Amino acid sequence: MADVFENVFGQPQVRDFLRASVSQNRVSHAYLFTGPAGSNKTIAALSFAQAILCATGGETYGEACCATCDICDKVKRRKHPDVRIFAPEGANGYLVEQVRSITADATLAPIRANKKIYILDRVDLLGVQAANAFLKTLEEPPEDVVLILLARTADSVLPTIVSRCQVVPFRTIPDTEAAQLVVQNTGASFDQARFALAASNNSLEGAAAFLKSNERMAFRNRVFEMLGQLYHADDWDVIGYARELVALTQAPLDVVRAEQEQELAQNKDFLEKSALRQLEARHKRQLSAATMASLHQLMAIARSWLRDVLVICAQGDELIVNTDVASALNAVALDTNEARAASALAVTSAIDRALT
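Worth saying up front: this structure is predicted, and the values here are computed from it rather than measured.

The next point concerns the overall build of the protein. Assigned secondary structure in the protein consists of 14 helices and five strands. In terms of overall dimensions, the protein is globule-like: its C-alpha atoms have a radius of gyration of 22 Å, near the 21 Å expected for 356 residues. Here the C-alpha coordinates of the protein stretch approximately 65 × 40 × 40 Å along the principal axes. Taking all 356 residues of the protein together, 44% fall into the buried category. When contacts within the protein are restricted to residue pairs at least 6 apart in sequence, those whose partners lie at least 24 apart make up 70%. Once the 36 positive and 42 negative side-chain charges of the protein are each reduced to a mean point, those two points are 4 Å apart.

Further remarks concern the sheet that holds strand β4 (residues 145-151). One open sheet accounts for five strands, arranged β2-β3-β4-β1-β5; its pairing is parallel. Two strands close off the open sheet at either side, each with one partner strand: β2 (83-86) and β5 (166-169). Averaged over neighbouring strand pairs, the angle between their axes works out to 20° when direction is ignored. Two strands pair when backbone bridges link them, and β2 and strand β3 (residues 116-120) are joined in this way by four bridges, in the parallel orientation. Counterpart to isoleucine 85 in the pairing with β3 is isoleucine 119. On the sheet, helix α1 (residues 12-23) packs against β1 (30-34) and β5 and is oriented at approximately 145° with respect to β5. The strands that helix α5 (residues 128-139) touches are β1, β3 and β4; relative to β4, the one it contacts most, it runs at about 130°.

Of all five residues that make up β3, five are buried, and the element is covered over most of its length. Neither face of β3 is left uncovered, since the one carrying Lys116, Tyr118 and Leu120 and the one carrying Ile117 and Ile119 both have all their residues buried. Once you follow β3 into α5 and on to β4, the crossover reads as right-handed.

Once that is clear, we can look at the side chain of glutamine 11. Mapped onto the elements of the fold, glutamine 11 is located in the segment before α1. Glutamine 11 gets classed as buried once you look at its relative accessible area, which sits at 3%. The residues touching glutamine 11, leaving out its near neighbours within four places in the chain, are Ser39, Phe170, Arg171 and Ile173.

On to helix α8 (residues 190-199). Within the span of α8, buried status applies to Ala193, Phe195, Ala196, Leu197 and Ala199. Among the residues trailing α8, asparagine 201 stands out with phi positive, at a value near 55°.

This paragraph deals with the pattern of salt bridges. This model, assessed by the stated rule, comprises 14 salt bridges. Two residues, aspartate 70 and lysine 74, come together in a salt bridge whose shortest N-O distance is 3.0 Å. Separated by four residues within a single helix, aspartate 70 and lysine 74 lie in helix α3 (residues 70-76), roughly one turn from each other. Using a relative accessible area of 48% as the deciding quantity, one classes aspartate 70 as partly exposed. Classification of lysine 74 as buried rests on a relative accessible area of 17%. In this structure, arginine 222 and glutamate 225 form a salt bridge, with 2.9 Å as the shortest nitrogen-oxygen distance. In this pair, arginine 222 and glutamate 225 both sit in helix α10 (residues 214-230), three residues apart, roughly one turn of the helix. For glutamate 225, a relative accessible area of 42% corresponds to the partly exposed category. Within this structure, Arg84, Asp105 and Lys116 form a network of salt bridges that share partners.

Thresholds applied
Residues numbered from 1 in each chain as written. Predicted model: local features only at pLDDT ≥ 70, side-chain atom pairs only at ≥ 80, totals over all residues. Heavy atoms only, no water. Helix = DSSP H or I, 4+ residues; strand = E, 2+ residues; numbered from the N terminus. Rg over C-alpha atoms; globule rule 2.2 N^0.38 Å. Buried < 20%, exposed > 50% of the residue type's maximum accessible area, 1.4 Å probe, protein only. Contact = heavy atoms within 4.5 Å. Lys, Arg positive; Asp, Glu negative; His and termini not counted. Charge placed at Lys NZ, Arg CZ, Asp CG, Glu CD. Pairing = 2+ DSSP bridges. Axes fitted to C-alpha atoms, helices over the stretch in contact; angles between N-to-C directions. Right-handed = clockwise from strand over helix to strand, strands pointing away. Salt bridge = Lys/Arg side-chain N within 4 Å of Asp/Glu carboxyl O.

These figures capture arrangement, not role.
And the structure:
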């Protein structure tokens, strides 16, 4: 039988803990997964959701999750109506109205499974007012609800939230080990794995998806071309580049919209109006999340390019990540210096933080 937790790469202790929680029927009502970006928290949360719903949905409770049934497939593809994934919708974090919507939804019965799983990303961006709206649900959720909260560190989360959760720490995966895991699971070369990780904010799942997408690879290459030409561009060129980048970052949304339209068509005949409204609301959140993910990837690609330029300026050519465009990087490095490259890198990082 397949083991769904095999997908939680680089986190052996977490895998063992989650596997034991399900197999021994010791699933708690609330968890806080803590670890840096790229530590596989999201895929662990989805794998945990697969295991919980697969076990409670059939006759295998207390046994290993099959990882192959319709339930597991829908959760993996983020299409199961009883697995809800949330990210902050406000410019500075979670909105009080957003949290109230989540807590109200938690009181409703599951649509298809015996339980509902709520995965909330970046709960370090859950402010005091939003947290207060969430505390009662977090402390005494309905019996059919499991809450999985994700954050960078426990210290960055309000103590009132931490105290009501079982904290599961994720370790930082070293760069070399992360690249080797991507190689192992995609068949890509080590160099390809390194630049895919750089373009995906060090996410193992994101790097694997990046390498499988010709569109994302073409996007990376076009961003590099623009960055290489910026030094000699005039104002009109820059405006043109900006317009093109906006269009390129919006392209993945077409795929998301098509999938959503298909899901609505499949469900509209048997779901009640209230459930359909929930589905439509979830679709809006998915589009918002996809937009932000595309913008963050743009910033990650730009940072990796600027980092390489800075490394070359500092005479560290052997440390560059984007080895396939080494000649272009060297050409740009000849036209600038460490201070300028470092300044541009800092600005790009600041933009990325502002997008959060």
